[in-house]
Amino acid sequence: MKPFHSFTFLLICCTFCVFSQENELYLQAGSLYDSERNTILKNRVIHVKDNKIFQIGSPEILPENAVIIDLSEFTVLPGLIDAHTHVFFSQEPQEDFAEKSVSTLTLESTALRTLRGAKRARSYLDAGITSIKDLGNSGLFLDVALRDAINEGTVEGPRIFASGPIMAAAGGQMYGVSHDHQELVNLEYRIIESVADAKNAVREHINQNVDIIKICADNLPNNIRLTVEEMKAIVETAHSYGITVTAHSVTNQSAWEAAIAGVDGIEHGFILADSTLNLMAKKNIYLVPTENSRSYMNAYYTLAGRNPAELSWLDNYFNKSGERLNRAIKSGVTIVAGSDNYTYIQISAGASSKDMLRAYYEAGMEPLDILQSATFLSAKHFKKEKEIGILQEGSFADIIAVKGDIEKDFYNTMENVVFVMKDGKIYLEDLD
Ligand SMILES: [Zn+2]
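The rules we used
- Residues numbered from 1 in each chain as written.
- Predicted model: local features only at pLDDT ≥ 70, side-chain atom pairs only at ≥ 80, totals over all residues.
- Heavy atoms only, no water.
- Buried < 20%, exposed > 50% of the residue type's maximum accessible area, 1.4 Å probe, protein only.
- Helix = DSSP H or I, 4+ residues; strand = E, 2+ residues; numbered from the N terminus.
- Pairing = 2+ DSSP bridges.
- Core = buried A, V, L, I, M, F, W, Y, C linked by side-chain atoms within 4.5 Å.
- Domains from an automatic or database assignment.
- Contact = heavy atoms within 4.5 Å.
- pLDDT = per-residue confidence, 0-100.
- Axes fitted to C-alpha atoms, helices over the stretch in contact; angles between N-to-C directions.
- Phe/Tyr/Trp six-rings, centres within 6.5 Å; stacked < 30°, edge-to-face > 60°.
- Lys NZ or Arg CZ within 6 Å of the ring centre and 35° of its normal.
- Donors = N, O, S within 2.8 Å, 3.2 Å for Na, K, Ca; no water.
- Expected span 1.5 Å × (residues − 1).

(A) Broad picture of the pairing of strand β10 (residues 212-216). Burial analysis of β10 places five of its five residues in the buried class, the great majority of the element. Here β10 shows a buried face lined by I212, K214 and C216 and a second buried face lined by I213 and I215. Strand direction decides the pairing type here: β10 and strand β13 (residues 244-249), joined by five bridges, are parallel. When the bridges of β13 are listed, I213 appears paired with V245.

(B) How the structure looks around the nonpolar core. Core analysis: the largest hydrophobic core is formed by 75 residues, its most contacted members being I213, I215 and I234. When residues in this core are grouped by element, the largest group, six residues, is from helix α7 (residues 228-240). For this core, the domains that each give at least three residues are domain 1 (21-78 + 393-429) and domain 2 (80-353). Contacts of I213, omitting those with residues within four sequence positions, involve M167, V202, H205, I234, A238, I243, T244, V245 and T246. In terms of nonpolar packing, the next biggest core, distinct from the first, is built from 18 residues, L25, I53, I69 and L391 among them.

(C) Structural view of the confidence of the model for the chain. Overall, the predicted model of the chain reaches an average pLDDT of 94, with 95% of residues at or above 70. Note that residues 1-21 has pLDDT below 50 and, in this model, three contacts with residues that lie over four places away or in other chains.

(D) Molecular detail of the sheet that holds strand β7 (residues 159-162). Taken in spatial order, the three strands of this open sheet run β5-β6-β7, and their pairing is parallel. The open sheet is flanked by β5 (80-85) and β7, the only strands paired with a single partner. Across the sheet, the axes of successive neighbouring strands diverge by a mean angle of 20°, strand direction being ignored. Pairing analysis gives four bridges linking strand β6 (residues 129-134) to β7, with the strands arranged parallel. Looking at the pairing, D134 lines up with A162 of β7. Packing against the sheet, helix α3 (residues 110-126) makes contact with β5 and β6, and its axis sits at approximately 140° to β6.

(E) Summary view of the packing of aromatic side chains. All chains considered together, the criterion is met by ten aromatic pairs. Positioned over the ring face of F54 is K49, at 4.1 Å from the centre of the ring. One cation-aromatic arrangement involves R159 over F396; the distance from NZ or CZ to the ring centre is 3.8 Å.

(F) Looking closely at the coordination of the zinc ion. Within the protein, H84 (NE2), H86 (NE2) and D340 (OD) serve as the donor atoms for the zinc ion, at 2.0 to 2.3 Å. Taking the relative accessible area as the measure of exposure, H84 reaches 1% and is therefore buried. Judged by its relative accessible area of 8%, H86 is buried.

(G) Summary view of unusual backbone geometry. With an omega of 5°, the peptide bond running from L220 to P221 counts as cis. Relative to the helices and strands, P221 is located in the loop between β11 (218-219) and β12 (222-225). Positive phi outside glycine occurs at F141, with the angle close to 70°. With respect to the element layout, F141 can be found in the loop between β6 and α4 (142-151). Accessibility expressed as a relative area gives 18% for F141, which makes it buried. Even without being a glycine, N209 presents a positive backbone phi close to 70°. Residue N209 is classed as partly exposed on the basis of its relative accessible area of 49%.

(H) Highlighting α7. Here α7 is 13 residues long and its end C-alpha atoms lie 18 Å apart, about the 18 Å a rise of 1.5 Å per residue gives. For α7, every residue scored as buried is listed here: V228, E230, M231, A233, I234, V235, T237 and A238. Buried-residue contacts for α7 involve β8 (166-168), α6 (195-207), β10, β13 and α8 (252-261). Phi for G242, located one or two positions after α7, is positive at around 75°.

(I) Just the environment of I260, in detail. Turning to its location among the elements, I260 is positioned in helix α8. Along the sequence, I260 and M414 sit 154 residues apart, while their C-alpha atoms lie 37 Å from each other. Excluding its chain neighbours within four sequence positions, the residues that come into contact with I260 are V228, K232, L279 and K283.

(J) Inspection of the pairing of strand β1 (residues 24-34) at higher detail. Across the eleven residues that make up β1, a large majority, nine, are buried. Bridge count for β1 against strand β2 (residues 39-49) is ten bridges, and the pairing is antiparallel. Opposite S31, over in β2, you have K42 as the bridge partner. Across six bridges, β1 lies against strand β4 (residues 68-78) in parallel orientation. From the neighbouring strand, L32 faces β4, where its bridge partner is V76.

Here's what the structure looks like:
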């Protein structure tokens, strides 16, 4: 080998040494949440290489001179997943959803809407939510664009799994729009006109590289629904491309029909008969309960100019939603955590999303079960359980740490996020 070549070889080796050292580090976890087994392990070390977890083991795997981040005082978890977000839509508590949709489409430029959406998306990282399923109300595929911009590093944000426009029957969720202006609805929803159109709509969405299909099984207060045949056509076409379908449903009838049609998930499901829950359990259809906690509702109605103490129906709301959640769990339906919090209550979108954890806790779910719904189960029902919502060899290095005792002081601990890593990159390190 000529000297020149030796020198080049040495240079490459040294460059590689520096590179590999910079991209490898060890997280020393005092406690680690094993989301697959739903248990807390003690004293684990996570070896992160580039954007993936290379190994998890006991402290013996630590080499000499390792770059270590000391999380021994904290509990380390997979980055959380919010399975139901709308980062391109925000309304004030006193605003009407349909009116706000019209004004968003007519008074907010696509560019401004996208930039605002990007800012909201960024806030999820600070909250420890490293993945979101963004389910529509995002114009014409702005969610797909933001996902790609984040993935290529143009802007910072969580992993986005994007649905593109929601598929719905005439009028979509924009109730009250006059016949003369239905073209506005087409800027926000994909209106399905027939079984053949349903199949084509899925192909259009897949052509735009969506990750998931979102449909409206009902559109209340716009009182029309997709037919079972249309939903079946959507589900079969989507499944033939390996894409899952999740259905907005408020009434029991639409949830039943969506389940018959074979959807993978039901969003909201505010009214669900036992027979529907049993069908969901049998067909392995998950439920994303999008309830809010008492403190969220208090903030919401106070900002809307109402005194929450005078709203006697609120207690009834909490009782009913909690009762339904517990009935779903008893029936064997998988709960996947999702917030649907698009109302601005003067905290960031990401912080607002975390309210789902508090709501499930207030409804009686156990802390670890809530965490599993916001990690492993959410990923599993999306066929991503080897990549996200889990800490294991080969999964993405989406890792957070919280300060406190998860089982004894759940909500305060989950609020106290001290470390956030997504894709191997650290976004928050507040360990003092
Ligand atoms: Zn929603």
